[in-house]
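Here is what each chain is made of, one letter per residue.
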Amino acid sequence: MFEIVKRREFTSSYDYAAFSVVRVHSTILKKLGGRNTWVKICGSDRCIYRLARGGRPAAGFNAGSIELDYDSCVELEVIGNAQKDENDFYSCSLTLEKSNFMGKFSAHWKHPNPAYRVPMQLSIIGFTLGIIGLALGIMGYA
């Protein structure tokens, strides 16, 4: 588990178009399992799941910092009256750790964007109904 003490919004506009991404320092990224590893980010009373990617080397960006999108900041309730430092970071208190399988599943199932959430939910429901149909079909021949 890693402690995150400062955060800022993305420095590159193309990160906002990506699917649930956060940027972390490369030393932490290696310890989490590499690029595109699902991570669990927890604030005071909420947790979110995101894909971790490395951040570009920049002033102030170190192992205790993270880049998040605005919606993630709202979900974690880290938007407030904190003062911005000289490198555009705000102070925060977050924890970061590698996610398990259920975290990955939950990230897709509860995603705020319906373009990602609905296909996942429909595919799981369809898969479940298919398994039930297969089981009933096998029991009908027995």
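Residues numbered from 1 in each chain as written. Predicted model: local features only at pLDDT ≥ 70, side-chain atom pairs only at ≥ 80, totals over all residues. Heavy atoms only, no water.

Visitor: Describe the side chain of Ser20, listing the residues and the values that go with them.
Guide: Relative to the helices and strands, Ser20 resides in the loop between strand E1 (2-9) and strand E2 (21-24). A distance of 2.7 Å separates the side chain of Ser20 from the side chain of His111, its partner in a polar contact. Residues within four places of Ser20 in sequence aside, it is in contact with Trp38, Tyr49, Arg50, Leu51 and His111. (Helix = DSSP H or I, 4+ residues; strand = E, 2+ residues; numbered from the N terminus. Polar contact = N/O pair within 3.5 Å; in protein donor to acceptor, adjacent residues only side chain to side chain. Contact = heavy atoms within 4.5 Å.)

Visitor: Quick rundown of the pairing of strand E4 (residues 47-54)? Include the residues and the values.
Guide: A large share of E4 lies buried, amounting to six of its eight residues. Note that E2 and E4 share four bridges and pair parallel. Directly across from Val24, in E4, lies its bridge partner Gly54. When strand E3 (residues 37-42) meets E4, the two strands line up antiparallel, connected through six bridges. From the neighbouring strand, Lys40 faces E4, where its bridge partner is Tyr49. In this antiparallel pair of consecutive strands, E3 and E4, the connection spans four residues. (Buried < 20%, exposed > 50% of the residue type's maximum accessible area, 1.4 Å probe, protein only. Pairing = 2+ DSSP bridges.)

Visitor: Outline the packing of aromatic side chains, listing residues and values.
Guide: As enumerated under the stated definition, the model contains two aromatic pairs in all. Relative to Trp109, the ring of Phe105 lies with its centre 5.7 Å away and its plane at 20°, an arrangement referred to as stacked. Linking Phe105 with Trp109, this pair stays in helix H3 (residues 101-109), spanning four residues, or about one helical turn. Using a relative accessible area of 24% as the deciding quantity, one classes Phe105 as partly exposed. Just above the ring of Phe89 sits the side chain of Lys6; from NZ or CZ to the centre is 4.7 Å. (Phe/Tyr/Trp six-rings, centres within 6.5 Å; stacked < 30°, edge-to-face > 60°. Lys NZ or Arg CZ within 6 Å of the ring centre and 35° of its normal.)

Visitor: If you had to explain unusual backbone geometry to someone new, which residues and values would you point to?
Guide: Although it is not a glycine, Asn36 adopts a positive phi angle of roughly 65°. For Asn36, a relative accessible area of 38% corresponds to the partly exposed category. Notably, Glu77 is not glycine yet its phi reads approximately 60°, a positive angle. Structurally, Glu77 is set in the loop between helix H2 (70-76) and strand E6 (90-98). Residue Glu77 is classed as partly exposed on the basis of its relative accessible area of 48%.

Visitor: Quick rundown of the state of the cysteines? Include the residues and the values.
Guide: Tallying each qualifying case throughout the model produces one disulfide. Unpaired in this structure, Cys73 has its nearest cysteine sulfur neighbour in Cys92, at a distance of 8.1 Å. Residue class for Cys73 comes out buried when judged on its relative accessible area of 0%. (Disulfide = S-S within 2.5 Å.)

Visitor: Can you tell me about the sheet that holds E3, naming the residues and giving the values?
Guide: On the basis of which strands lie adjacent, the closed barrel formed by six strands has the order E1-E5-E2-E4-E3-E6 and mixed pairing. Strand-to-strand twist of the sheet, defined as the mean angle between neighbouring strand axes without regard to direction, takes the value 45°. Examined bridge by bridge, E3 and E6 share four bridges and lie antiparallel to one another. Looking across to E6, one finds that Lys40 is bridged to Glu97. (Axes fitted to C-alpha atoms, helices over the stretch in contact; angles between N-to-C directions.)

Visitor: How would you summarise the pattern of salt bridges if you had to cite specific residues and measurements?
Guide: A side chain with one charge may pair with a side chain of the opposite charge, provided their charged atoms come close. Counting across every chain of the model gives two salt bridges. Its salt-bridge partner being Glu67, residue Arg8 comes within 3.0 Å of it at the nearest N-O pair. With a gap of 59 residues between them, Arg8 in strand E1 and Glu67 in strand E5 (residues 65-68) connect regions that are remote in the sequence. For Arg8, a relative accessible area of 7% translates into the label buried. Glu75 is paired through a salt bridge with Arg50; the nearest N and O atoms lie 3.0 Å apart. One end of the pair, Glu75, is in helix H2; the other, Arg50, is in strand E4, and 25 residues separate them in sequence. Assessed through its relative accessible area of 7%, Arg50 is described here as buried. (Salt bridge = Lys/Arg side-chain N within 4 Å of Asp/Glu carboxyl O.)

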